[in-house]
Amino acid sequence: MPDATTSLPGPARETPPPAGGRTIISVRDFNFFYGKNQALHNVVLDIPERQVTAFIGPSGCGKTTLLRNFNRMNELIDGVRHTGEITLAGRSLWDPALEVIALRRLVGMVFQRSNPFAKSIYENVVYSLRIGGQHDRALLDEAAERSLRGAALWDEVKDRLHQSALGLSGGQMQRLCIARAIANRPRVLLMDEPCSALDPIATARVEQLISELKKEFTIVIVTHNMQQATRCSDHTGFFYLGKLVEFGTTAKIFTSPSEKRTEDYITGRFG
């Protein structure tokens, strides 16, 4: 199978990459449907590499739908379809030569609620490597330590790696899920409301972790927390009724938005 990031011809209509980073995910005239219901309308967006991009907007506005298209998770739902294009490093996500499993190795995901497997901490982290055919114990050990360190969890669990992951605290479980997601060394890490079920202390640790992880990974986060978006992200997109209303640097979106709907939302006039 060709390498999943091999460049292919891009879409006919291009836009400049975002300031401060090379584009890694490009969305062009993207529409998405759940049956007859259109959830996304003509989205055009460029996401910069090794930065944090936040999607904000009221519930049901399409931000999670778009996020889940980046690794084709929405295809698990019957009756969905799309028009338009999304590319990763210049290659269509629907390239027939790009297997979905390969795509999900390149685009990892952390869900709203932590979902560790009923296995040991160690086996949670190396699970994707095992099912990918890796059985070399030395390589698995290296990946487990590297990933747990990357998730700022190693020092807390290094002496109980073979104990159940279900014995961890909520915040530790979410960081374990982050470690599991980065074990394959993805290009992009998707986070869907990763702190919504956490207390403020655990939330602060995950936010600090996000700032560290962007040195190596491109991160796209969906959040309802305006303060979290301002603390964590470099770029922000505001979605409303399935449309991308405005996209720009987080500083601009939150201090001088171009659209009145953006200003009304971030100032709490609706949402």
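Keep in mind that what you see is a predicted model, and the values were worked out from it rather than measured.

### Side note on the overall build of the protein
Counting its regular elements, the protein contains 10 helices and 10 strands. Across the 271 residues in the protein, those meeting the buried criterion constitute 50%. Taking the intrachain contacts of the protein between residues at least 6 apart in sequence as the baseline, contacts between residues at least 24 apart amount to 67%. Accessible surface computed for the protein: about 12,400 Å², of which carbon and sulfur atoms make up 51%. Here the protein carries 33 positive and 29 negative side-chain charges, and the mean point of each set is 3 Å from the other.

### Describing the sheet that holds strand S1 (residues 23–34)
On the basis of which strands lie adjacent, the open sheet formed by 4 strands has the order S2-S1-S4-S5 and antiparallel pairing. At either end of the open sheet lies a strand with only one pairing partner, and these are strand S2 (37–48) and strand S5 (91–92). Bridging between S1 and strand S4 (residues 80–88) involves 8 bridges; their strand directions are antiparallel. Pairing of phenylalanine 33 across the sheet is with arginine 81, part of S4.

### Considering the pattern of salt bridges
One side chain can pair with another of opposite charge once the charged atoms of both are near each other. Under the defined criterion, the tally for this structure stands at 17 salt bridges. When the shortest N-O distance is used, the salt bridge between aspartate 264 and lysine 260 registers 2.9 Å. Taken together, the residues span about one helical turn, with aspartate 264 and lysine 260 both in helix H10 (residues 260–266) at a distance of 4 residues. Residue classification places aspartate 264 among the buried positions, given a relative accessible area of 12%. Overlapping salt bridges, with partners in common, bring together Arg22, Glu49 and Arg187 in one network.

### Points about the pairing of S4
Summarising the sheet, S4 and S5 pair through 2 bridges and their orientation is antiparallel. Across the sheet, residue leucine 88 finds its bridge partner in S5, namely arginine 91. The turn joining S4 and S5, which pair antiparallel and follow one another in sequence, is formed by 2 residues; a positive phi near 50° is taken by alanine 89.

### Quick look at the sheet that holds strand S6 (residues 107–110)
Spatially, the 6 strands line up as an open sheet ordered S6-S7-S8-S3-S9-S10, and their pairing is mixed. In the strand order of this sheet, the two ends are held by S6 and strand S10 (243–249), each with one partner. Along the sheet, successive strands turn relative to each other by an average axial angle of 20°, direction set aside. Summarising the sheet, strand S7 (residues 188–192) and strand S8 (residues 218–222) pair through 5 bridges and their orientation is parallel. Bridged to aspartate 192 within S8 is valine 222. Seen against the sheet, helix H6 (residues 170–182) touches S6 and S7 and runs at an angle of roughly 170° to S6.

### Some details on the packing of helix H4 (residues 137–150) against H6
Where H4 contacts H6, the axes come no closer than 8 Å and their chain directions differ by 130°. With respect to H6, the axis of H4 lies oblique. Both H4 and H6 take part in a crossing whose hand is right-handed. Between H4, through Ser147, Leu148 and Gly150, and H6, the contact on the second element is made entirely by Leu176, Ala179 and Ile182. In the contact of H4 with H6, the residues fall into 4 nonpolar, 2 polar and no charged.

Reading guide: rules and limits
Each chain carries its own residue numbering, running from 1 in the direction its sequence is written. Side-chain atom pairs in this predicted model are given and counted only at pLDDT of 80 or more, local residue features only at pLDDT of at least 70, and totals for whole chains, interfaces and linings cover all residues. Neither water nor hydrogens contribute to the side-chain values; these are computed over all heavy atoms in the structure. Runs of E in the DSSP output that reach at least two residues are strands. Runs of H or I that reach at least four are helices, and both are numbered from the N terminus. When a residue's accessible area, from a 1.4 Å probe over protein chains only, is under 20% of the maximum for its type it is buried; when over 50% it is exposed; and in between it is partly exposed. For this analysis, residues touch if any pair of their heavy atoms sits within 4.5 Å. Per-residue and other accessible areas were derived by the Shrake-Rupley procedure at a 1.4 Å probe size, with only the shown protein chains allowed to occlude residues. Under this rule, positive means Lys or Arg and negative means Asp or Glu; His and the chain ends count for nothing. In plain terms, the charge of a residue is placed at NZ if it is Lys, CZ if Arg, CG if Asp and CD if Glu. Only when DSSP finds a minimum of two bridges between them are two strands counted as paired. Here, a salt bridge means any Lys or Arg side-chain nitrogen found within 4 Å of an Asp or Glu carboxyl oxygen. The angle between two axes is taken between their N-to-C directions and runs from 0 to 180 degrees, where each axis is a line fitted to C-alpha atoms and a helix contributes only its stretch in contact. Each angle gets one of four labels, with under 35 degrees taken as roughly parallel, over 145 as roughly antiparallel, 65 to 115 as roughly perpendicular, and the rest as oblique. Two helices that cross are described as forming a left-handed crossing if the nearer one is turned anticlockwise from the farther one by less than a right angle, and a right-handed crossing if clockwise. The classification used treats Ala, Val, Leu, Ile, Met, Phe, Trp, Tyr, Cys and Pro as nonpolar, Asp, Glu, Lys and Arg as charged, and all other residues, Gly among them, as polar.

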